Amino acid sequence: GESVGLHLPTLSVQEGDNSIINCAYSNSASDYFIWYKQESGKGPQFIIDIRSNMDKRQGQRVTVLLNKTVKHLSLQIAATQPGDSAVYFCAETPSNNAGNMLTFGGGTRLMVKP
Amino acid sequence: SAVISQKPSRDICQRGTSLTIQCQVDSQVTMMFWYRQQPGQSLTLIATANQGSEATYESGFVIDKFPISRPNLTFSTLTVSNMSPEDSSIYLCSARGAGGHGDTQYFGPGTRLTVL
């Protein structure tokens, strides 16, 4: 996985607004993608996943969009709530990876203002 | 989904000692992994824990420093050996292949290690 410095990119949104968290990936062979939410002091929590044969998938208040042409993934959170405040990681894995190991992005910190 | 627990949840250790972290999954899983996460950073894969055989280590991680066991399909341990302050980190257990969800990968709550 990748690692970045101590200062994660931060997205600050007002409670009730929609949030969009972006992720760029580099491996064109990646065909499975996951978004994780990590709250302070906890392990990453699975939010939603998508396969490369789809370009959109919806969950409860969350939508993941996949643009394979530009290798871009986004997570949209509708009506953001204070409980959504966390660090969000995207992860990818290619089908030709023998160990099917996930590669993690650097993470984005979402801060929700009441 | 798979529910993963880790013990201990945190520990403070002296330099030169070793700590073994246990990971228990509530169902049989195909694959188990160990990650390290420095504060404010992303996750770095240490190794894949293989059931009944030696773990597969990523570049920069070696068996002598991070011995791993996986005696069955639900349990694994990671030992951090001969610890130094640089080993202070969060260690995360992860599992994939539970309940028919082949690729979905779940994480435990992490073990927060501080080495003095």
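Rules and cut-offs
- Residue numbers restart at each chain and count upward from 1, following the sequence in its written direction.
- Lettering for chains starts from A, numbering for ligands starts from 1, and both go in the order in which the items are written.
- Only residues with pLDDT of at least 70 are given local features in this predicted model, and only at 80 or more are side-chain atom pairs given and counted; all residues enter the totals for whole chains, interfaces and linings.
- Note: side-chain values were computed over all heavy atoms of the structure, leaving out hydrogens and water.
- A run of H or I in DSSP counts as a helix once it spans at least four residues, and a run of E counts as a strand once it spans at least two, with each numbered from the N terminus.
- Note on classification: 1.4 Å probe, protein chains only; a residue is buried when its accessible area is under 20% of the maximum for its type, exposed when over 50%, partly exposed between these limits.
- In this analysis, two residues are considered to be in contact whenever any of their non-hydrogen atoms come within 4.5 Å of each other.
- When DSSP locates at least two bridges between a pair of strands, those strands are taken to pair.
- In the analysis that follows, any N or O atom pair within 3.5 Å is treated as a polar contact, provided that within protein one partner can donate a hydrogen and the other can accept it, and provided that, for residues neighboring in sequence, both atoms belong to side chains.
- Two cysteine sulfur atoms form a disulfide, by the criterion used here, when they sit within 2.5 Å.
- By buried area we mean the combined loss of accessible area, with a 1.4 Å probe, across both parts when two parts are placed together.
- Stacked, tilted and edge-to-face are the three classes applied to pairs of Phe, Tyr and Trp rings, where Trp contributes its six-membered ring and a pair requires centres within 6.5 Å; stacked means planes under 30 degrees apart, edge-to-face means over 60, and tilted covers the rest.
- Detection works on a 1 Å grid of protein atoms alone, calling trapped sets that fit a 1.4 Å probe cavities and calling open sets with protein on both sides within 12 Å along at least five of seven lines pockets, with lining residues defined by an atom within 4 Å of a point.
- Grid points are joined across faces, edges and corners, and a volume is the space filled by probe spheres set on the points.
- Each residue gets one label: Ala, Val, Leu, Ile, Met, Phe, Trp, Tyr, Cys and Pro are nonpolar, Asp, Glu, Lys and Arg are charged, and the others, such as Gly, are polar.

Some remarks on the overall build of chain A
From N to C terminus, chain A includes zero helices and 10 strands. Buried residues in chain A amount to 42% of all 114 residues. A sequence separation of at least 24 residues applies to 55% of the contacts in chain A between residues at least 6 apart.

Re the sheet that holds strand E1 (residues 4-7) of chain B
Reading across the sheet, the four strands line up as E1-E3-E8-E7 (chain B) and stay open at both edges, with antiparallel pairing between neighbours. A strand with exactly one partner marks an edge of an open sheet, and here the two such strands are E1 and strand E7 (68-69) of chain B.

Observations concerning the environment of B:Ser88
All names here are of chain B. Among the structural elements, Ser88 can be located in the loop between strand E8 (75-80) and strand E9 (89-98). In this structure, the C-alpha to C-alpha distance between Ser88 and Leu43, residues 45 residues apart in sequence, is 14 Å. Among the polar contacts listed, one links the side chain of Ser88 to the backbone oxygen of Pro85, at a separation of 3.0 Å.

Structural notes on the state of the cysteines
All names here are of chain A. Enumeration over the complete set of coordinates arrives at two disulfides over all chains. Paired through a disulfide, Cys23 and Cys90 show a sulfur-sulfur distance of 1.7 Å. With Cys23 in strand E2 (residues 19-24) and Cys90 in strand E8 (residues 86-94), this residue pair connects regions lying 67 residues apart in the sequence. On the basis of relative accessibility, which here comes to 10%, the residue Cys23 falls in the buried class.

Here's the deal with the interface of chain B and chain A
Contacts between chain B and chain A engage 23 residues on the former and 26 residues on the latter. Between chain B and chain A, the buried area comes to about 1800 Å², and carbon and sulfur atoms account for 52% of it. Linking chain B with chain A are six residue pairs in polar contact (both at pLDDT 80 or more), by the criterion used here. Elements supplying a minimum of two residues to the side of chain B that touches chain A: strand E4 (31-37), strand E5 (43-49), E9 and strand E10 (101-107) of chain B. Counting residues per element, the side of chain B that touches chain A draws most heavily on E10(B), at five residues.

Points about the packing of aromatic side chains
Within a pair of aromatic rings, the relevant descriptors are the distance that separates the centres and the angle that separates the planes. Applying the stated criterion across every chain, the model contains 10 aromatic pairs over all chains. For the ring pair A:Tyr25 and A:Phe33, a centre distance of 4.7 Å and an interplane angle of 50° mean the geometry is tilted. The burial state of A:Tyr25 is the same as that of A:Phe33; both residues are buried. Considering the side-chain rings of B:Phe66 and B:Tyr91, the 6.5 Å spacing of their centres and the 40° angle between planes classify their relative orientation as tilted. Note that B:Phe66 is positioned in the loop between strand E6 (56-57) and E7 and B:Tyr91 in strand E9, a separation of 25 residues in sequence. The buried category is assigned to B:Tyr91, whose relative accessible area is 0%. Put simply, the rings of A:Tyr36, A:Phe104, B:Phe33, B:Tyr35 and B:Phe107 touch in pairs and so form one group of aromatic residues.

Quick notes on the layout of surface pockets
All names here are of chain A. The calculated volume of the largest pocket comes to roughly 290 Å³. For the lining of the largest pocket, the residue count by class is eight nonpolar, eight polar and four charged. Taken as a whole, the second largest pocket encloses approximately 240 Å³ of empty space. The set of elements that each furnish at least two residues to the lining of the second largest pocket consists of E2, strand E3 (30-38), E8 and strand E9 (103-104).

Examining the pairing of E8(A)
Residues and elements named next belong to chain A. Burial analysis of E8 places nine of its nine residues in the buried class, which makes it a mostly covered element. In E8, alternate side chains face the same way, and those of Ala86, Tyr88, Cys90, Glu92 and Pro94 on one face and Val87, Phe89, Ala91 and Thr93 on the other are all buried. When E8 meets strand E10 (residues 108-113), the two strands line up antiparallel, connected through three bridges. Residue pairing across strands places Ala86 opposite Leu110, the latter belonging to E10. Both E8 and E9 contribute to a ladder of two bridges, which runs antiparallel. Of the residues in E9, the one forming a bridge with Ala91 is Phe104.

Side note on unusual backbone geometry
The linkage connecting B:Lys7 with the following residue, B:Pro8, adopts the cis geometry, with an omega of -5°. Secondary-structure assignment places B:Pro8 in the loop between E1 and strand E2 (10-13). A positive phi angle is found at A:Arg61, which is not glycine, with a value near 65°. Mapped onto the elements of the fold, A:Arg61 is located in the loop between strand E5 (56-58) and strand E6 (62-67). Even without glycine at this site, A:Ala79 takes up a positive phi of about 45°. Assignment of secondary structure puts A:Ala79 in the loop between strand E7 (72-77) and E8.

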